[in-house]
Every structure is written in C-alpha cells, then in structure tokens.
Amino acid sequence: MSPSPFLSPDAIRAAFSAAMSAMYRDEVPAYGTLMALVADVNEATLASQPALRASLEATETLARISEERHGAIRLGTEAELAMMRRVFAVMGMLPVGYYDLSEAGVPVHSTAFRPVGETALNFNPFRVFTSLLRLDLIADEGLRATAEQTLARRQIFSDAAVALVDKAERDGGLSQEDAGLFVTEVLDTFRWHSEASVDRALYARLHDAHRLIADVVSFKGPHINHLTPRTLDIDAVQDQMPSRGIVPKAVVEGPPSRACPILLRQTSFKAVEERVSFPDENGKLQTGSHTARFGEIEQRGIALTPKGRTLYDKLLNQARAAVRPAPDGSNADAYRVALTRSFAEFPDDWNAIRRAGLGYFLYTVDDAVAGARGSDIESLIAAGAVRFDAIVYEDFLPVSAAGIFQSNLGDDAVQEFTASPNQRLFEKALGAAVLNEFEHYAGIERASIERCLAALKAFSD
Ligand code: OOG
Ligand code: NI
C-alpha cells in the first residue's frame, strides 16, 4: 500500500490546537501566566508523586500533560454552526452531547466537537465546546430582528477556508501543505476583533438583554472565549493564582477532591475587561470595553453512568442548597466542607463504584494469570484474570457547572431564561445528529467485556 498523501486529521487538530494556544497567549497575557503556573504545578506534582509519574509515563506523553484540553466558542447562526461542523470534521472532531444551557439561565444550546476513540484522544484530545445563540429567547422583537440582521451580514469563514473544507471533503483529506493553509485560515475565524461591528447604543441594548447576546452579535467573528489546559492538582493552581496576579473564580466547580476522581473539576480566572471600539454613524470610533475572555483549568475523572450522574447531580444540589457559593469567595471554605460532606455518600473506591453501577470501566485480560476461564465476567475478575480501569469522562458539565458561565458573565445580574430542551432543532441546524455520550461510554465498556470473554473462552477451548 502506498502511504497516504494526506496529513491525518489528528495531526491537523494537534497543529490547530498549538496555533490557537499561541494566538490566545498573545491575545490574553493572563492566559500565558496561567499556562506557566499550570506547568509549574504539574511539574511539582510529578516530582512529589513518583507513582503518578510512573503511571502517566506508561500511558501518556508527559511532555504534553500541560497542553490544552478544550476551548469554547459561541456562534450566531445556524449556517455558522453547519459550516463549523464541516471545519471540525477535517480535524477529526465530531459533535458529542447536547447541552441545553437555557436551564442555567444562558440563552444558548451547545455540543462539544471532539475526537472520538482512544487513539485519536491520546494523540491530541483538543475539544471545542460550541454554543449556538438562541435568538428566539430575546423577548424584545425589534431587538431580535436587529440582532438577526446584524448576524446575517457577517461572514466568519474566509473563502480560502471554505475552499479547503470543500477540497478535504471531495478528496478525503488534505495534503501537508493544504493542512498548513487550513490551520492558518481557520485560526482567523477564532481571532479577537477589538473593533465591534455595532455601535455603542446597540451594544448596550444587546448587553441589557443578556451579556452573552452582546458577546456574540457585536463582533465580526466567534472569538475563542477561553482555553483550558489540564492540571494534575487543580486545588493547588486555584490557591496559587493570586500569587501570580490573576484572580480566580470563587470556587472549583464540580465534585470535591477525592481518592477516585469522578467526572470533571474545573475553575478559571475571571474574564478580563478589554478595550473595544464601537463605530458611530459617521464611521468614527468610540472607545468602550467588553468582558468575555478568560482562562480555565480542568482535571478529569471517571465517566459516570446515568445512575452515577443522577447521584452526582443530587449530591451537588444538596451541597449547593446547604451553602450557595458567593461570587466574592467569602464562603468558599464553607462550600468546600458542604461539598465534601455531601459527597461522602458517593463510594470512593473503584470496585465499589463499579459494583454499584455508577461508572464506566474498561475491562482487559490480565495475561499474567494463566488458566482462568469462563463466561462470567465477575468470576473472571475475582480470579484475577480480568482487570478493570476507569474510563475517563471526555465531555462537559456546563449546566451543573453553570458557575463557569456565570462568573465570566459578571457576578452581578443573573439574567434568567427558561425553555425546554430543543435538541432536534439544534441537530437540524448542525446538519447531523450528535453522538449520545452515555451510549458511547456504554459501548466502549460493552465491547471491552466482549473482548475479554472471547479471549478467555478461546483460551479454555
Ligand atoms: C462555554 C462554557 C462551557 C466548560 O468548560 O464547561 C465550558 C462558554 O463559556 O462559552 O467551556
Ligand atoms: Ni470550559
């Protein structure tokens, strides 16, 4: 077989993620500071935990530990979302999950474009949480029409980017040279524009309707609004942010610190206020500001089953009902205590989590044990012939962790929107169905059990 003339989608994604990181560090200097802090904390954590270092060395590339895991954008129109799906497909990123953020008082619904499959995730896990603005949730009809017209006028993809996507779809990939051009052209879509595309009065009206509406409608493109490296010790980074001159949000979102990490813990520094110029009717520029962009960190644990997720949601709500974290951090310690107390009910032992059906696991044959046979996975585990490892959660928790959204929209007015889930409408705009994340993890688990049983049955024949 002759070698493929194309650069792999995984390699294109890795190049894109690296280019985006460099651009964002340049655009938001505080993000560069956060990256440096994350690298220092990760290094210190590895130095003090040799067992962790050894296990990461065996399973991952240590040099890449501190690289970005995700970013987020907000789109304005269905056409933008449909095109974005095609762009991400070139990089091996598929829509996984549906998130109705109106439940958290934010007028968007979303999916995550991400690599699917172990090889792709290991090569480069970069995901983009992608939201589509729900203009139908703007109550003022006049403002809604103006917002629609403003968005209809913008073109967020360059002609060259569109042509390269067409080419990739037609030919089945991009050459090394075309992939380089693709990264450059697509990166432009995510760039910050300090000149707004609306005047100050319209910006103010959009902002009054919801800060996020102003963030999407007022600009020429969907600037990347945060990037998120992985940290090996999220509590340490949270504690050390102030010493580097960056202001962390009040509390770490998600579950408490545990021996067996579950789902996703994340925190961020507060969005920075940036200078923006607004054109007036004579084309003269007026100065103002906009607050939207921040830096985040994440630490991931096991993917939970629907049963585990229900328990997680219950315990989180219970903790928040006991102590509602104040935006100024004044009750952060009390919240931490309430969270830990509430989660005492969630088993903190891998086998207990597994036996209670709370999490997804990958089962593999442990070759060291000879002679075990059978078709019952539990007895094979008991005999030591099959081992199990947690499947890492690769998705998001934006509704439970609405704190990330809220704290970066400003702590003051919490604007409320309520609406029913609208996944079908979202998928119609997207031009594809999203992958259901629970079914996906369940499928990985099921396949791993079948592989074990097939291997051990063959052995006994
Ligand atoms: C996306 C927020 C969701 C996360 O980590 O939960 C997200 C946004 O602010 O646009 O990135
Ligand atoms: Ni995020």
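Details of the structure are given in the entry above.
Residues numbered from 1 in each chain as written. Chains lettered and ligands numbered in written order. Predicted model: local features only at pLDDT ≥ 70, side-chain atom pairs only at ≥ 80, totals over all residues. Heavy atoms only, no water.

### As for the coordination of the nickel ion (ligand 2)
Ideal geometry at a metal centre gives angles of 109.5 degrees when four donors are arranged tetrahedrally and 90 or 180 degrees when six donors are arranged octahedrally. Spelled out, the test is: Each metal site is built from N, O and S donor atoms within 2.8 Å (3.2 Å for Na, K and Ca), and since water is not included, such sites may look incomplete. Counting from the N terminus, the helices are DSSP H or I runs at least four residues long and the strands are E runs at least two residues long. For each residue, the accessible area found with a 1.4 Å probe, counting protein chains only, is set against the maximum for its type, and the residue is called buried under 20%, exposed over 50%, and partly exposed in between.
At the metal site, the nickel ion (ligand 2) is ligated by H70 (NE2), H226 (NE2) and E296 (OE), and these contacts range over 2.1 to 2.2 Å. Here the donor residues of the nickel ion (ligand 2) are spaced in sequence according to H-x155-H-x69-E. Residue H70 is located in strand β1 (residues 68-75), and its partner H226 is located in strand β5 (residues 226-229); the two are separated by 156 residues in the primary sequence. Each of the two residues, H70 as well as H226, counts as buried.

### A closer look at the pattern of salt bridges
Oppositely charged side chains can pair when the atoms bearing their charge come close. To keep it simple, the criterion reads: Between Lys or Arg on one side and Asp or Glu on the other, a salt bridge is scored when a side-chain nitrogen of the former is within 4 Å of a carboxyl oxygen of the latter.
Applying the stated criterion to the full structure yields 27 salt bridges. Note that R355 and E378 form a salt bridge whose closest N and O atoms lie 3.5 Å from each other. Note that R355 is positioned in helix α14 (residues 350-355) and E378 in helix α15 (residues 377-382), a separation of 23 residues in sequence. Classification of E378 as partly exposed rests on a relative accessible area of 31%. Each of R127, E298, R300 and E394 takes part in salt bridges that share partners, so that together they form one network.

### A word on the site of ligand 1
Quick note on the threshold: Working definition: residue near molecule or strand if any one of its non-hydrogen atoms lies within 4 Å of it. For the purposes of these results, a polar contact is taken to be a pair of N or O atoms within 3.5 Å, where, inside protein, one atom must be able to donate a hydrogen and its partner to accept one; residues adjacent in sequence count only when each atom of the pair is a side-chain atom. With residues, only the protein chains shown are counted as cover, and all accessible areas are computed by Shrake-Rupley using a 1.4 Å probe.
In the vicinity of ligand 1 there are ten residues, among which H70, R74, N225, H226 and Q266 approach most closely. Interatomic distance of 3.1 Å between a side-chain N/O atom of N225 and an oxygen atom of ligand 1. Within the contact set of ligand 1, an oxygen atom lies 3.1 Å away from a side-chain nitrogen or oxygen of E296. Protein burial of ligand 1: of its 320 Å² of free accessible surface, 100% is covered by the chains. Among the elements that line the shell around ligand 1, the one with the most residues is β1, at three residues.

### Regarding helix α9 (residues 200-209)
Keep this limit in mind: Arc definition: directions from the helix axis to the C-beta atoms. In this analysis, two residues are considered to be in contact whenever any of their non-hydrogen atoms come within 4.5 Å of each other.
When α9 is considered as a whole, its buried residues turn out to be L202, Y203 and L206. Within α9, the buried residues cover an arc of 105° as seen down the axis, which keeps them to one side. Relative to its buried face, α9 has exposed residues pointing more than 90 degrees away, namely A201 and D208. Where α9 is buried, its residues contact α6 (141-153), α10 (211-217), β6 (264-279) and β7 (285-300). A side-chain oxygen of the first residue of α9 lies 3.3 Å from the backbone nitrogen of A201; this N-cap is D199.

### A few points about the side chain of S342
Within the element layout of this structure, S342 appears in helix α13 (residues 332-342). A polar side-chain atom of S342 sits 2.7 Å from the main-chain carbonyl oxygen of L315. Within the local environment of S342, its side chain forms a polar contact with the side chain of Q318, the two groups lying 3.3 Å apart. Setting aside its immediate chain neighbours within four residues, S342 contacts L315, Q318 and A319.

### Quick look at the environment of S2
Assignment of secondary structure puts S2 in the segment before α1 (9-27). Assessed through its relative accessible area of 60%, S2 is described here as exposed. Considered as a pair, S2 and V337 are 335 residues apart in the sequence and their alpha carbons are 60 Å apart.

### So, the sheet that holds strand β4 (residues 127-133)
Applicable threshold: At least two bridges found by DSSP between two strands is the condition for calling them paired. Simply put, an axis is a line fit to the C-alpha atoms, just over the touching stretch for a helix, and the angle between two N-to-C directions goes from 0 to 180 degrees.
Strand order in the open sheet formed by seven strands is β2-β3-β4-β1-β5-β7-β6, with mixed pairing between adjacent strands. Of all the strands in the sheet, just β2 (94-100) and β6 have a single pairing partner and so form its edges. Averaged over neighbouring strand pairs, the angle between their axes works out to 20° when direction is ignored. By the bridge criterion, four bridges tie β1 to β5 in an arrangement that is antiparallel. The partner of G71 across the bridge, within β5, is L227.

### Let's talk about the packing of aromatic side chains
We apply this condition: Two aromatic rings, drawn from Phe, Tyr or Trp (for Trp, its six-membered ring), form a pair once their centres lie within 6.5 Å of each other, and the interplanar angle then sorts them: stacked below 30 degrees, edge-to-face above 60, tilted otherwise. Charges are assigned to positions over rings by a cutoff of 6 Å between ring centre and Lys NZ or Arg CZ, combined with an angular limit of 35 degrees from the ring normal.
Counted according to the given criterion, the structure contains 15 aromatic pairs. Here the aromatic rings of F361 and F388 are separated by 5.6 Å at their centres, their planes lie at 90°, and the arrangement is edge-to-face. Remark: F388 occurs in strand β9 (residues 386-390) and F361 occurs in strand β8 (residues 361-365); sequence separation between them is 27 residues. Given a relative accessible area of 21%, F388 falls into the partly exposed group. These aromatic residues form a ring-pair network of at least three members: F16, F88, F113 and F190. When the ring centre of F396 is taken as reference, the NZ or CZ atom of R300 above it lies at 5.5 Å.

### Section: the packing of helix α4 (residues 78-90) against helix α17 (residues 423-430)
Quick note on the threshold: Note on angle classes: values under 35 degrees are labelled roughly parallel, values over 145 roughly antiparallel, values of 65 to 115 roughly perpendicular, and the remainder oblique. Note that Gly is not counted as nonpolar here; it falls among the polar residues with everything else outside the nonpolar set of Ala, Val, Leu, Ile, Met, Phe, Trp, Tyr, Cys and Pro and the charged set of Asp, Glu, Lys and Arg.
Where α4 contacts α17, the two axes come as close as 7 Å, and the packing angle between them is 65°. Classified by the angle between their axes, α4 and α17 sit roughly perpendicular to one another. Contact residues: E78, L81, A82 and R85 in α4; F426, A429 and L430 in α17. Its residues assigned to classes, the contact of α4 with α17 shows five nonpolar, no polar and two charged.

Function cannot be inferred from these measures alone, as they are strictly geometric.
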